[in-house]
Structure formats: structure tokens, C-alpha cells
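These are the residues of each chain, in order.
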Amino acid sequence: KAGVTQTPRYLIKTRGQQVTLSCSPISGHRSVSWYQQTPGQGLQFLFEYFSETQRNKGNFPGRFSGRQFSNSRSEMNVSTLELGDSALYLCASSRRSSGRPYNEQFFGPGTRLTVL
Amino acid sequence: AQTVTQSQPEMSVQEAETVTLSCTYDTSENNYYLFWYKQPPSRQMILVIRQEAYKQQNATENRFSVNFQKAAKSFSLKISDSQLGDTAMYFCAFMKHEGGATNKLIFGTGTLLAVQP
């Protein structure tokens, strides 16, 4: 079974540009969560999508947005990039089945974004 | 708001020895999950162990076990028979239980563990 895949793995952008990152969950998983990892702020939750709907959102400005497609693939977009957006962006997928108390989240390898 | 604190930025242990990583958390919730994740140099985040707050029995997974003290809001990870492959950053994480898992993990700042040969 293929794991969570993220594309691209590395990305270099300049301030003011926008960027789109992609996450393909494990087959059968319908929930995708996004996290930002930086040396200064650590790991922070961005948002979660389930069945094409945003279910949870972290404390990030509106420049950070996301969406989920009918095949559960998810994209996140960052507009008007700032130097502080340089980070490793991780996504995680899970089944999130209704009625089950817990479904393990499986993480992808991440996308390393560098903003110059 | 929930917070997770890991007070040991770095730790070192000899191969085959035992090491304990500390984690404390703050929450007013009664139902939640606690986790330890491992992030090796490859940056792939891997679940090490999980604990449900309603379970009094400490979770164990092979060489990994936890000491969960709900009243003290403490959740430490013990690694027995340390191996070189255990070298990684270890994150303690919290997740609320709201009629089911929320899938929103709140992470601590991490402990960098180095296993020495």
C-alpha cells in the first residue's frame, strides 16, 4: 500500500509569490491534515479536510488556504509569500471513520518551502 | 487552549541503555489522546505510541512504554535497549476527543535524542 505522497518535495519562491502544495493520502483515507514545521514555531496545525470540507482550522492568516478534491487529494495554497513562510509543510492522512474514536494519522515526507 | 511542554531539548544515551523523555501538558479536557512521534533525519514523522486518557493502563509497544499520570498531566516515554536507529527528534502530542478524534495534533517542541555506539 502506497504511503502519503507530497509534491513537490522542494520548492524555492520569492517574496510576494504564491505557492500550491499537493498531498495525496493513502488509498481509502478521507481526512487530510496540514502542519507547518519551523525551527522557531515548531509544529503547528494548519487545517484539516474531510470529505471536501474544512473541519478544523489553526491560527494562521487568511493567506493560507486549502481544499480537498473528491478523490481525497488535498492542496494547500499560500499567497503573498513572506520570508517567515519558509518551512517544512507536512500533511497527514487518516480514515476518520464515523463512530470510531481514533484513526491513526500517517504523515507524508513533507514539502520544504524556501522563500527568498 | 491546550499546551504541550517538553523540557529536554536534547538527550543522549548509550546503545542498549534505557532513556526516559519527559512531557507535560495542560488541558481542561477530560477526554483526549496523547502521542509520541519520532522524526528521524529523513523528516518522516512516525507514530511511536498512543495513550487514551480514559485508560489507566500505560501503553507499551515493544521497547517503548509510557508513564501516564493523568492527575499530574505528565506523559513520559521510556525507550529500553536503545538502538542506533532510535536517534531522532521525539515529539509529544495532544489531541482532543470530541465525540471522536479531532485529527488536530498539538505538538511539543521536541527532544533530540542521540544514541551513542
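Look above for the structure.
Conventions we followed
Residues numbered from 1 in each chain as written. Chains lettered and ligands numbered in written order. Predicted model: local features only at pLDDT ≥ 70, side-chain atom pairs only at ≥ 80, totals over all residues. Heavy atoms only, no water. Helix = DSSP H or I, 4+ residues; strand = E, 2+ residues; numbered from the N terminus. Rg over C-alpha atoms; globule rule 2.2 N^0.38 Å. Buried < 20%, exposed > 50% of the residue type's maximum accessible area, 1.4 Å probe, protein only. Contact = heavy atoms within 4.5 Å. Areas by Shrake-Rupley, 256 points an atom, 1.4 Å probe, with all protein chains shown as cover. Lys, Arg positive; Asp, Glu negative; His and termini not counted. Charge placed at Lys NZ, Arg CZ, Asp CG, Glu CD. Buried area = accessible area lost by both parts, 1.4 Å probe. Salt bridge = Lys/Arg side-chain N within 4 Å of Asp/Glu carboxyl O. Polar contact = N/O pair within 3.5 Å; in protein donor to acceptor, adjacent residues only side chain to side chain. Nonpolar A, V, L, I, M, F, W, Y, C, P; charged D, E, K, R; others polar. Pairing = 2+ DSSP bridges. Core = buried A, V, L, I, M, F, W, Y, C linked by side-chain atoms within 4.5 Å. Phe/Tyr/Trp six-rings, centres within 6.5 Å; stacked < 30°, edge-to-face > 60°.

J.: Could you give me a rundown of the overall build of chain A, with the residues and numbers involved?
T.: Assigned secondary structure in chain A consists of zero helices and eleven strands. Reading chain A from its N terminus to its C terminus gives the helix and strand order β-β-β-β-β-β-β-β-β-β-β. Here the C-alpha atoms of chain A give a radius of gyration of 14 Å, agreeing with the 13 Å that 2.2 N^0.38 yields for 116 residues. Along the three orthogonal principal directions, the C-alpha set of chain A runs to about 45 × 30 × 25 Å.

J.: Residue-level account of the overall build of chain B, with values.
T.: A count of helical and extended segments in chain B gives zero helices and twelve strands. For chain B, the C-alpha radius of gyration of 14 Å lies close to 13 Å, the compact-globule estimate for 117 residues. Referenced to the eigenvectors of the C-alpha coordinate spread, the extents of chain B come out at roughly 45 × 25 × 20 Å. In chain B, which comprises 117 residues, the share counted as buried stands at 49%. Residue pairs in contact within chain B that sit at least 24 positions apart in sequence constitute 56% of those at least 6 positions apart. Accessible surface computed for chain B: about 5600 Å², of which carbon and sulfur atoms make up 45%. Measuring between centres, the 10 positive side-chain charges of chain B sit 7 Å from its 10 negative side-chain charges.

J.: An account of the interface of chain A and chain B is needed here, citing residue identities and associated values.
T.: Each partner contributes residues to the interface: chain A has 23 residues there, and chain B has 19 residues. For the pair chain A and chain B, the summed buried area comes to about 1800 Å², and 51% of that belongs to carbon and sulfur atoms. Remark: the boundary between chain A and chain B carries zero salt bridges. Joining chain A to chain B, the criterion identifies three residue pairs in polar contact (both at pLDDT 80 or more). With four residues, the single largest contributor to the side of chain A that touches chain B is strand 4 (residues 31-38) of chain A. Split into classes, the residues belonging to the side of chain A that touches chain B amount to nine nonpolar, eight polar and six charged.

J.: So what's going on with the pairing of strand 9 (residues 74-79) of chain B? Which residues, and what values?
T.: All names here are of chain B. Relative to strand 9, strand 3 (residues 19-21) runs antiparallel, the two being bridged by three bridges. Each residue of the ladder has a partner; that of Leu-21, found in strand 9, is Leu-77. Taken together, the six bridges between strand 8 (residues 64-69) and strand 9 define a ladder with antiparallel strand orientation. For Ser-65, the partnering residue across the bridge sits in strand 9 and is Lys-78. Remark: four residues form the turn of the hairpin made by strand 8 and strand 9, two consecutive strands paired antiparallel; Lys-73 in that turn has positive phi of roughly 55°.

J.: Give a detailed account of the nonpolar core, specifying residues and quantitative values.
T.: Residues Tyr-25, Trp-36, Phe-75, Leu-77 and Tyr-90 of chain B are the most contacted members of the largest nonpolar core, which totals 26 residues. Those elements that provide at least two residues to this core are strand 3, strand 5 (32-39), strand 6 (46-52), strand 8, strand 9, strand 10 (88-96) and strand 12 (111-116) of chain B. Tallying contributions element by element places strand 10 of chain B first for this core, with four residues. The contact partners of Phe-75 of chain B, leaving out residues within four places of it in the chain, are Ser-22, Cys-23, Tyr-25, Leu-34, Phe-35, Trp-36, Gln-51, Val-66, Asn-67, Phe-68 and Cys-92 of chain B. Counting 21 residues, the second largest nonpolar core, distinct from the first, contains Val-4, Leu-11, Leu-46 and Cys-91 of chain A.

J.: Residues and numbers for the packing of aromatic side chains, please.
T.: Residues and elements named next belong to chain B. One pass over the structure, following the stated rule, counts 15 aromatic pairs over all chains. Here Trp-36 and Phe-75 contribute two aromatic rings whose centre-to-centre distance is 6.2 Å and whose plane-to-plane angle is 20°, an arrangement assigned as stacked. Taken together, the residues Trp-36 in strand 5 and Phe-75 in strand 9 connect sequence positions 39 residues apart. Its relative accessible area of 0% is what places Trp-36 among the buried residues.

J.: Can you lay out the pattern of salt bridges for me, pointing to particular residues and giving the numbers?
T.: Residue and element names in this part refer to chain A. In the structure shown here, the tally under the stated rule is nine salt bridges over all chains. A salt bridge links Asp-85 to Arg-63; its shortest N-O distance comes to 2.8 Å. Residue Asp-85 is located in the loop between strand 8 (74-78) and strand 9 (87-94), and its partner Arg-63 is located in the loop between strand 6 (53-57) and strand 7 (64-68); the two are separated by 22 residues in the primary sequence. By the burial criterion, Asp-85 is buried, and Arg-63 matches it. Across the salt bridge formed by Arg-73 and Glu-75, the nearest N and O atoms sit 3.2 Å from each other. Several salt bridges converge on common partners, so that one network encompasses Arg-63, Glu-82 and Asp-85.

All we've got here are geometric facts, nothing functional implied.
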